[in-house]
Amino acid sequence: MLTVERQAMIMKVLKEKHTVKLNELVDLTGSSESTIRRDLTELESGKKLKRIHGGATLLQKKRLEPTIAEKSSKNIQEKRQIAQFASSFVEKGDCIFLDAGTTTLEMIPFLKDKQVVVVTNGLSNVVELVEAGIETHVVGGQVKPGTRAFIGRSAIETLETFRFDSAFLGANGITPEDGCTTPDPQEAFVKTYAKSRSRQSYVVADHSKFGEVSFAKFAELKDVTLLTSSYLEEHVQNTYKEIVDIKVVAI
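The present account deals with the structure reproduced in this document. (Residues numbered from 1 in each chain as written. Predicted model: local features only at pLDDT ≥ 70, side-chain atom pairs only at ≥ 80, totals over all residues. Heavy atoms only, no water.)

Next up on the list: the sheet that holds strand E2 (residues 50–52). What the three strands build is an open sheet, ordered E1-E3-E2; its pairing is antiparallel. Strand pairing shows two members of the sheet lacking a second neighbour, strand E1 (19–21) and E2, which therefore form its edges. The average undirected angle you get between the axes of adjacent strands in this sheet is 25°. Judged from the three bridges that link them, E2 and strand E3 (residues 55–57) form a sheet pairing that is antiparallel. When the sheet's bridge partners are listed, Arg51 is paired in E3 with Ala56. (Pairing = 2+ DSSP bridges. Helix = DSSP H or I, 4+ residues; strand = E, 2+ residues; numbered from the N terminus. Axes fitted to C-alpha atoms, helices over the stretch in contact; angles between N-to-C directions.)

Below you can see the structure in the form of C-alpha cells.
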C-alpha cells in the first residue's frame, strides 16, 4: 500500500471514530507498527491529527468546549494522579486559587490537611471544598452552564481583592507556539487575572491537552509551570523540557 493511500485510510478511520489506537491501524493497513508511527508523525506535522498515548485523535475545534460531565468521564485516573501530584506543590497555610475544571476538582481531597484558604471560580468545587472543611471564597459573576465556571465583571472585581501564593489552572490546549488556551475568552480572562495575582502559577493538564489549540490564550508557557503525567509521550516531554518548566508524574 502506498503511503498516500495508507494515510488517507488513517484519516478516514479517524473521522469516523475520532480516536483510534495504534494496533487498530496496524491491523487495518497490514503495515508494521514503525510504519504507522512514521505516518502519524507526518500527519501530525501537517496538522491533520494529534498523536496521543497509544494512538491518535482528531484535532479539536477552536471553540469546542466539553461540559463538566463530558470531561469527567475522560482520563479519570490520570487526572486524579496529576491532581495528587499538583497538591504536593501546596504548602501548609497557603492561599491558593483553584480554577474551574475536572483536574483541579480532583485536587480537593488532597488539600484537606494543609490548612489552606481557597478562592475558586468553579461552582463544582464549592461543595467539595466546604465538605472537606477548607476555608472557601467564591468569586461572583455569571455561571456558565457547561463548565460551571463563574465569569464576567463581578468575577474580575472579586479577584482584584485577593493575592495568592499559587494558582492552579486548567487548559484545553497547550502548544509551544500558542501557549495555554481555552475556548471561551471570558474564562481566559479570569485565568489570566488569577495568574497575575499569584506568586506561582501551575497549569494542570492530562496528556490529551498537549498539541491542541483553543480559541483564547491565557498564558505564555514561560509564565507557568506545567504539571502532567507520563502518559505524555517521552519525545513530547523532551520538546517541552527544552523551553518550559514542566513536571511529570509517573503513572
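With a phi close to 75°, His18 is a non-glycine residue in the positive phi region. The residue His18 is located in the loop between helix H1 (3–17) and E1 in this model. One non-glycine residue, Lys47, lies in positive phi territory at about 60°. Residue placement: Lys47 occurs in the loop between helix H3 (33–45) and E2.

Between H1 and H3, the shortest axis-to-axis distance is 10 Å and the interhelical angle comes to 75°. Classified by the angle between their axes, H1 and H3 sit roughly perpendicular to one another. Along its contact with H1, which presents Thr3, Arg6, Gln7, Ile10 and Met11, the element H3 presents Thr35, Ile36, Asp39, Leu40, Glu42 and Leu43. (Parallel < 35°, antiparallel > 145°, perpendicular 65-115°, else oblique. Contact = heavy atoms within 4.5 Å.)

Looking at the element boundaries, Thr147 is found in the loop between strand E7 (142–143) and strand E8 (150–151). For Thr147, a relative accessible area of 6% puts it in the buried group. Engagement of the side chain of Thr147 in a polar contact is seen with the side chain of Glu187, the distance being 2.8 Å. (Buried < 20%, exposed > 50% of the residue type's maximum accessible area, 1.4 Å probe, protein only. Polar contact = N/O pair within 3.5 Å; in protein donor to acceptor, adjacent residues only side chain to side chain.)

Next up on the list: the sheet that holds strand E13 (residues 216–219). Spatially, E10-E11-E13 is the arrangement adopted by the three strands of the open sheet, whose pairing is antiparallel. Looking at which strands have only one partner, the edges of the open sheet turn out to be strand E10 (173–175) and E13. Here the average twist between neighbouring strands, direction ignored, is 35°. Where strand E11 (residues 179–182) meets E13, three bridges bridge the pair, whose relative direction is antiparallel. In the strand pairing of E13, Thr181 is matched with Lys217. Helix H9 (residues 185–196) rests against E11 and E13 of the sheet, and its axis sits at about 10° to E13.

With 12 residues, H9 extends 16 Å between its outermost C-alpha atoms, agreeing within 8% with the 16 Å of an ideal straight helix rising 1.5 Å per residue. The distance from a side-chain oxygen at the start of H9 to the backbone nitrogen of Gln186 is 2.8 Å, and the residue carrying that oxygen is Asp184. (Expected span 1.5 Å × (residues − 1).)

With their axes 11 Å apart at the nearest point, H1 and helix H2 (residues 22–29) run at an angle of 130° to one another. By the angle between their axes, H1 is oblique relative to H2. Considering the relative orientation of H1 and H2, their crossing is right-handed. Seen from H1, the contacting residues are Arg6, Met9, Ile10, Val13 and Lys17; seen from H2, they are Glu24, Leu25, Leu28 and Thr29. Among the residues making up the contact of H1 with H2, the classes are represented as five nonpolar, one polar and three charged. (Left-handed = near helix turned anticlockwise from the far one by under 90°. Nonpolar A, V, L, I, M, F, W, Y, C, P; charged D, E, K, R; others polar.)

Moving on: the pairing of strand E15 (residues 245–249). The pairing of strand E14 (residues 225–229) with E15 spans five bridges and is classified as parallel. Looking at E15, one finds that Ser229 is bridged to Val249. For the crossover from E14 across helix H10 (residues 234–241) to E15, the handedness is right-handed. (Right-handed = clockwise from strand over helix to strand, strands pointing away.)

All buried positions along helix H7 (residues 123–131) are accounted for by Asn125, Val126 and Leu129. All buried residues of H7 fall inside an arc of 110° around its axis, so they share one side. Where the residues of H7 are buried, they touch strand E4 (95–98), helix H6 (102–107), strand E5 (117–120) and strand E6 (135–138). Directly beyond the C-terminal end of H7, a positive phi value near 75° is found at Gly133. (Arc of directions from axis to C-beta.)

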